[in-house]
Amino acid sequence: MSTYWFHSSERVRQKSMAYLRAYERHFEKFRGRRPLVIEIGCGYPESEQSAGARGMGGSLFMFADWLGKGSRVVGVDIIEGCKEYEDSEKGVFVEIGSQ
């Protein structure tokens, strides 16, 4: 996971190394097993994104890549613009709704 995190410039991501280590430890058993992962809160208001940011949603793609082919990662957010993060070929989907 940390390899993807530091070497992919596909999307902006905001997580600390402590989170990455915890994710690797707890999700390792699901790698290659076509899991469904739901992440609540996958976006950020445009007004709070840094200049030049290519959008948020990076952790959705990180999970999909790290968990492997056939995984499905669904982000849930109240920001309608997050729908643009969807990429069904990569197994990334977004639902708009309140937590």
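It should be noted that the structure appears before, not after, this text.
This text gives an overview of the structure that appears in the document. Since the model is a prediction, treat every value here as computed from it, not as a measurement. (Residues numbered from 1 in each chain as written. Predicted model: local features only at pLDDT ≥ 70, side-chain atom pairs only at ≥ 80, totals over all residues. Heavy atoms only, no water.)

Some points on the packing of aromatic side chains
For step 1, the next point in the chain: Using the criterion set out here, one finds five aromatic pairs in the structure.
For step 2, the next point in the chain: An aromatic cluster of at least three residues, connected via ring pairs, comprises Tyr19, Tyr23, Phe27, Phe30 and Phe63. (Phe/Tyr/Trp six-rings, centres within 6.5 Å; stacked < 30°, edge-to-face > 60°.)

A short note on the pairing of strand S1 (residues 36-40)
For step 1, the next point in the chain: Going residue by residue along S1, you find Val37 and Glu39 tucked away on one face and Leu36, Ile38 and Ile40 left uncovered on the opposite face.
For step 2, the next point in the chain: Bridge analysis of S1 against strand S2 (residues 72-77) gives five bridges, and the strand direction is parallel. Counted as the bridge partner of Glu39 is Gly75 from S2. (Buried < 20%, exposed > 50% of the residue type's maximum accessible area, 1.4 Å probe, protein only. Helix = DSSP H or I, 4+ residues; strand = E, 2+ residues; numbered from the N terminus. Pairing = 2+ DSSP bridges.)

Overview of helix H3 (residues 58-67)
Structurally, the α-helix is built with 3.6 residues per turn, so residues lying three or four positions apart point the same way.
For step 1, the next point in the chain: The element H3 is extensively covered by neighbouring structure, given that nine of its 10 residues are classed as buried.
For step 2, the next point in the chain: Every buried residue belonging to H3 is among Gly58, Ser59, Leu60, Phe61, Met62, Phe63, Ala64, Trp66 and Leu67, and all of these are buried.
For step 3, the next point in the chain: Backbone geometry just after H3 places Gly68 at a positive phi near 105 degrees.

Scope: geometric values only; no functional claims are made or implied.
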